[in-house]
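# Structural characterization, general
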Amino acid sequence: MRIVQRSSALLSVLLLCTSTAATAKNPKPDKQVAKPEAISAKQAASSPQPAVIRKPAVDVHVGPDFATATIATLKRDAAVTVVGQQGLWFKLALPEGKTGFVRVNDVRLAYATKETGGAARVLFTGKAGKGRVSETAGVRGLDESELKAAAFDAVQLAKLESYRATPQAAEKAANSNGWSASKIAYATEFKPKQGDGGTQATQGEKRGMFGAARGLLSALGSNIGGGVLGAADKVIPRSEQEITEEERALGPEIAGRILGAAPLWKDDAAQRRVNLIGRWQASQTSRPDLPWAFGIIDTSEVNAFAAPGGYILLTRGLYQMLSDDAEVAAVLGHEISHVVQRDHYEVIRKQALQGAGKDLAMSQVGGGGNLATSMAKDYVAKHGALVMMTSLDRGAEYRSDEASAFYLARAGFNPLALYAVLQKMTALGASSAQLTQLYKTHPPLDERMDRIDRNGYKGLEEYTSRD
């Protein structure tokens, strides 16, 4: 009786809906690449970066430690020159050849010009990787066309998954490195539903309902899309378990396509490192049970990708910019938040309902098998990993910056680490070929830091004094 009632409801919805949302068009790939600027010998020797003081008054310390003596106090908007970084401190050049230290959020590095941006790659040595960040004329990054067309690489995916760290291994690494977990409340943290409060249709029942509607959809024509399917999605609600199954099915399909465009970087130690740090951070979130997998892909652009279900990839170019474990954790924390919040999953779901139309929905139920897996394979067959180039709304990016700060504090790191990373990206400049794709999909770096400055670190103040 339940199946008949739901089938009738679905058929009624289909008969009443006669219009559909237009199919979204894929953006054309931008093939224009900014050529990298040359770094002069003088720049390589000093690598100064212009900056301004961002707070009403900032004490400059003789060393990278609050306990050291104050040698100067600078006022807001004072022009300064950053000549180095030590942890979460910037080293400033002062008059008469002296130097001093301020925290990374006491100043704001200026966007580098085409002439000076290359100096940042010398200033920030990138201790996380092997050697300094370099940029060559061939740097373009993975663009839309490549991520859509790349073939699934099963060998590379298996390699990525082989680096997975267990929660126990990550905790052991945390204890060894002094990363002490803290229980910190995060008021707006996303939490999956623990129970739906109602009876959900089984996969078999849903196949029956969609099967009954198949002929009707065909009769209505191929233009029926988002409106009908969106209404059908409400008539046949998905449980938390079904949503998670779809995420878990999408993750490896999308990650395998990214790896088809750019393989893993051949550095086993670095791959194991990001998995230990990433798994430790993921354990401090509201979704520790996802099959988290982290990897570094071999491209010198500066970017990162978060596929549903816990698959996170960052580029070699970004990894080599990061000075220590805290900065690695900061980047991973931002991407982990996108997975926790289901940001890209929601984009995919909307595309499946509005853009793909009846063909995608019907392909899920044609010949049995797991619905989530069928949906994932069909979606990726049509779109590849193109969703990774979708610009999320700014609220999602700001939320992930905020979440990264909480995850850092919970995992034993300083929440300021993300600010340091954003500063480094700014220092590369708006003309950097390494940042071309990141600039397309994220808010401007200065706006992200402005947002952090306005919100402060409420509830995290005691953790911002960590080294």
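In what follows, the structure referred to is the one given above.
Residues numbered from 1 in each chain as written. Predicted model: local features only at pLDDT ≥ 70, side-chain atom pairs only at ≥ 80, totals over all residues. Heavy atoms only, no water.

## Quick word on the overall build of the chain
In terms of helices and strands, the chain carries 19 helices and 10 strands. Looking at the chain as a whole, 55% of its 467 residues qualify as buried. Surface summary for the chain: the accessible area is close to 19800 Å², and the carbon and sulfur share equals 52%. (Helix = DSSP H or I, 4+ residues; strand = E, 2+ residues; numbered from the N terminus. Buried < 20%, exposed > 50% of the residue type's maximum accessible area, 1.4 Å probe, protein only. Areas by Shrake-Rupley, 256 points an atom, 1.4 Å probe, with all protein chains shown as cover.)

## So, the sheet that holds strand β8 (residues 293–297)
The strand order β8-β10-β9 describes an open sheet built from three strands, whose pairing is mixed. The sheet is open, and its two borders are formed by β8 and β9 (304–307), each paired with just one other strand. The sheet shows a mean angle of 15° between the axes of neighbouring strands, direction not considered. In the sheet, β8 pairs with strand β10 (residues 311–315) via five bridges, with the strands oriented parallel. (Pairing = 2+ DSSP bridges. Axes fitted to C-alpha atoms, helices over the stretch in contact; angles between N-to-C directions.)

## Describing helix α19 (residues 445–455)
Those residues of α19 that sit buried are L445, R448, M449 and I452. Down the axis, α19 shows its buried residues gathered within 95° of arc, on one side only. Looking one or two residues beyond α19, the residue adopting positive phi is G456, at roughly 65°. (Arc of directions from axis to C-beta.)

## Describing the packing of helix α6 (residues 167–177) against helix α10 (residues 268–282)
Packing of α6 against α10 leaves a shortest axis separation of 8 Å and a crossing angle of 100°. Between α6 and α10, the angle falls in the class roughly perpendicular. Listed contacts from α10 to P167, A169, A170, E171, A173 and A174 of α6 are L276, R279 and W280. Among the residues forming the contact of α6 with α10, the class breakdown is seven nonpolar, no polar and two charged. (Parallel < 35°, antiparallel > 145°, perpendicular 65-115°, else oblique. Contact = heavy atoms within 4.5 Å. Nonpolar A, V, L, I, M, F, W, Y, C, P; charged D, E, K, R; others polar.)

## A short note on the environment of I71
Tracing the chain through its elements places I71 in strand β3 (residues 70–75). Counting along the chain gives 10 residues from I71 to H61, while the straight-line C-alpha distance between them is 5.8 Å. Those residues in contact with I71 that sit more than four places away from it in its chain are V60, H61, V62, L94, T99 and G100.

## Some thoughts on the packing of aromatic side chains
For the coordinates displayed, the defined rule picks out five aromatic pairs. Plain terms: the ring middles of W179 and F413 are 5.2 Å apart, the flat faces sit at 50° to each other, and that makes the pair tilted. Taken together, the residues span a long stretch of sequence, with W179 in the loop between α6 and α7 (203–220) and F413 in the loop between α16 (394–410) and α17 (417–428) at a distance of 234 residues. (Phe/Tyr/Trp six-rings, centres within 6.5 Å; stacked < 30°, edge-to-face > 60°.)

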